[in-house]
Amino acid sequence: MLPFRLRVVVLFLLVSLILPPFCLCIRSFPTRPNDGGDGLGLGLDGLSRFAEAPDYRNGKECPLMKNKESYVSSCDPSFIHIAMTLDSEYLRGSMAAVHSVLRHASCPEHVFFHFVSAEFDPASPRVLTQLVRSTFPSLNFKVYIFREDTVINLISSSIRQALENPLNYARNYLGDILDSCVDRVIYLDSDVVVVDDIVKLWETNLTSTRVIGAPEYCHANFTKYFTAPFWSDPVLSRVFSTRKPCYFNTGVMVMDLVKWREGNYRKRIENWMEVQRKKRIYELGSLPPFLLVFAGHVEPIHHRWNQHGLGGDNVRGSCRPLHPGPVSLLHWSGKGKPWVRLDIKKPCEVDRLWEPYDLFIHGKDHQRLGSRSTTTTSSDTLAGYSGYFL
């Protein structure tokens, strides 16, 4: 009989050989957990508790669920798949984002979340799994452990340190991380709230050879996303010679994972990251490689699905208003995050739109932030907001 520690090492090596090199997986079930008397506490400095969300259920118009009270497979073809990262730094934003999706979904029980967690996050993936399950007892979800060494040697310095987090690059590996039966997914950043039925975004038609869909912003100055050495290099800049590239934000994307895997787009993105390591061709973290591969080949989605930039620029994080027009998704991309500005009592006007989805409980009295506002933010409510991005 092998010693216990040696048996553990052998088991870990076997699991590593069987599973993909990008992740390990922790599967969760849509059942109410036994708190075991310890409530929702994480036992970690800097992290507190989250209130349990309302139990959102399907309406009569929704398809019947199979095996509703037992094991739920991510391979169920009726699911809407959403992928998000999950880490201790942006945990509060992630929980608000999930809450917003469920609150506005016409069939919330048909939404399946795929959470990607960093291997060495201060909050272990198992703790994060327990927290999600406690906050959303009926949620269908799965947590994947992202191995940071997959990408760490490809990351170059950025204009803001937060953009260098390896977890920012997890979206590059969704085709490898998620179950092979998942052939389509919506990727969402952790600093968004959805104020419309997510099925409308899910039903986006990716035409022809389009691999991803996203709102495009063709009025933006595309040249600023790359350095002068890139544009002056006749070989590198030629990548855009046969297409009309437009800026798009990678925080909201509909992804065809079948085409992604077949086209080996993970490797195409990695190739540009390797070029960046040798010859600095951009300043912003994980966005430019996506632009290099996909700009000009994106299925355009209505701008209402990514009202981005609400966190201000990447240096100051100043307040910004919404674009004119209807809104289905609010995105606090940029340095300023609504939970931080609310906590220090210096919120921007748009931060009040995030507040009703916040489930975070403060301090010993567990007074929930946002409890003063229980109204649902909707696209109709947002219709009166207008303004310009600075």
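Residues numbered from 1 in each chain as written. Predicted model: local features only at pLDDT ≥ 70, side-chain atom pairs only at ≥ 80, totals over all residues. Heavy atoms only, no water.

A few points about the overall build of the chain
1) Next: When helices and strands are counted, the chain shows 11 helices and 15 strands.
2) Next: The long-range share in the chain, meaning contacts at least 24 apart out of those at least 6 apart in sequence, stands at 77%. (Helix = DSSP H or I, 4+ residues; strand = E, 2+ residues; numbered from the N terminus. Contact = heavy atoms within 4.5 Å.)

Things to note about the pattern of salt bridges
1) Next: All chains considered together, the criterion is met by 18 salt bridges.
2) Next: With a closest N to O distance of 2.9 Å, Arg 92 and Asp 358 form a salt bridge. Of this pair, Arg 92 sits in helix 2 (residues 91-104) while Asp 358 sits in the loop between helix 11 (351-354) and strand 14 (360-362), placing them 266 residues apart in sequence. In terms of burial, Arg 92 and Asp 358 fall into one category: buried.
3) Next: Connected via shared salt-bridge partners are Asp 55, Arg 57 and Glu 109. (Salt bridge = Lys/Arg side-chain N within 4 Å of Asp/Glu carboxyl O. Buried < 20%, exposed > 50% of the residue type's maximum accessible area, 1.4 Å probe, protein only.)

Brief notes about the confidence of the model for the chain
1) Next: Residues at a pLDDT of 70 or more form 77% of the chain, whose mean pLDDT is 83.
2) Next: Confidence over residues 26-46 falls short of pLDDT 50; this stretch has 46 contacts with residues more than four positions distant or in other chains.
3) Next: Taken together, the stretch residues 365-375 has pLDDT below 50 and engages in 24 contacts with residues farther than four places along the chain or on a different chain. (pLDDT = per-residue confidence, 0-100.)

A closer look at the state of the cysteines
1) Next: Summed over the entire model, instances satisfying the criterion amount to four disulfides.
2) Next: One disulfide in the model links Cys 62 with Cys 107; its S-S distance is 2.0 Å. The S-S bond linking Cys 62 to Cys 107 shows a torsion near -95 degrees; that makes this disulfide left-handed. Here Cys 107 lies in the loop between helix 2 and strand 4 (111-118) and Cys 62 lies in the loop between strand 2 (49-50) and strand 3 (80-86), a separation of 45 residues in the sequence.
3) Next: Cys 107 gets classed as buried once you look at its relative accessible area, which sits at 16%.
4) Next: The disulfide partner of Cys 218 is Cys 246, and the S-S distance across this bridge is 2.0 Å. Taking the sign of the S-S torsion, 100 degrees for the link of Cys 218 and Cys 246, the bridge is right-handed. Here the residue Cys 218 occupies a position in the loop between strand 9 (216-217) and helix 6 (228-232), and Cys 246 occupies one in the loop between helix 6 and strand 10 (247-248), the gap between them amounting to 28 residues.
5) Next: Classification of Cys 246 by relative accessible area gives buried; the value is 4%. (Disulfide = S-S within 2.5 Å.)

Here we look at the nonpolar core
1) Next: Counting residues in hydrophobic clusters, the biggest one holds 49 residues, and the most contacted among them are Ile 212, Phe 226, Phe 248, Met 255, Trp 260, Leu 291 and Phe 294.
2) Next: In this structure Met 255 touches Arg 171, Leu 174, Asp 183, Arg 184, Val 185, Tyr 187, Leu 206, Val 211, Ile 212 and Trp 260, once residues within four positions along its chain are discounted. (Core = buried A, V, L, I, M, F, W, Y, C linked by side-chain atoms within 4.5 Å.)

Some thoughts on the packing of aromatic side chains
1) Next: Scanning the model with the defined rule gives 23 aromatic pairs in all.
2) Next: Geometrically, the ring pair formed by Tyr 217 and Tyr 247 is tilted, given 6.1 Å between the ring centres and 45 degrees between the ring planes. Of this pair, Tyr 217 sits in strand 9 while Tyr 247 sits in strand 10; the two residues are 30 residues apart in sequence, bridging distant segments of the chain.
3) Next: By relative accessible area, which is 8% here, Tyr 247 ends up buried.
4) Next: Every member of this aromatic cluster is reached through a ring pair, and the members are Tyr 217, Phe 222, Tyr 225, Phe 226, Phe 230, Trp 231, Phe 240 and Tyr 247.
5) Next: The ring centre of Trp 202 lies 5.5 Å from the NZ or CZ of Arg 184, which sits over that ring. (Phe/Tyr/Trp six-rings, centres within 6.5 Å; stacked < 30°, edge-to-face > 60°. Lys NZ or Arg CZ within 6 Å of the ring centre and 35° of its normal.)

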